[in-house]
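Structural overview
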Amino acid sequence: MAEQPTRKGKLAQEKRDLARRARRLAQGQLEPDRSRLARFAAELEQEAQALERSAASICLPPVAAPVQQVQQQKVQQQQSAQASPPCIVSKETE
C-alpha cells in the first residue's frame, strides 16, 4: 500500500519543484539575477528539508490512540468492580 503524502510533505515537494524551476531560470539570466535565483532556490530547499523533518517528527503510529483508550476502559471497569460489593445470590431449598 502506497503511503499518501502528508500536507507538510506535499508542501515540501512543491518547494523543491519551485527550487528546480528557479535554478533552470537562473541559467539564462545575467549575474545579479542568477545569484539571486540561486539563493532563492537554496532557501526553498532548506524550507523543504525543515518541513520534511517536522512532518517526520510528529508522526505517531495509528494504533497508539485506540490501545490507550482500551486500556483506560479496562482500568475503569476494574475500579468500578472493586468499588461495588459483589452480589450474593442464595438459593432457598423447599
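Above this note sits the structure.
Cut-offs applied
- Residues numbered from 1 in each chain as written.
- Predicted model: local features only at pLDDT ≥ 70, side-chain atom pairs only at ≥ 80, totals over all residues.
- Heavy atoms only, no water.
- Helix = DSSP H or I, 4+ residues; strand = E, 2+ residues; numbered from the N terminus.
- Polar contact = N/O pair within 3.5 Å; in protein donor to acceptor, adjacent residues only side chain to side chain.
- Contact = heavy atoms within 4.5 Å.
- Salt bridge = Lys/Arg side-chain N within 4 Å of Asp/Glu carboxyl O.
- Buried < 20%, exposed > 50% of the residue type's maximum accessible area, 1.4 Å probe, protein only.

Among the secondary structure elements, E45 is positioned in helix 2 (residues 31-57). At 2.4 Å, the side chain of E45 and the side chain of R16 are in polar contact. Setting aside chain neighbours within four positions, we find E45 in contact with R16, A19 and R23.

For the coordinates displayed, the defined rule picks out seven salt bridges. A salt bridge links R20 to D17; its shortest N-O distance comes to 2.2 Å. With R20 and D17 both in helix 1 (residues 7-27), this residue pair falls three residues apart, about one helical turn. Using a relative accessible area of 35% as the deciding quantity, one classes D17 as partly exposed. In this structure, the salt-bridge partner of E31 is R34, at a minimum N-O distance of 3.6 Å. Note that E31 and R34 are positioned in helix 2 at a spacing of three residues, about one turn of the helix.

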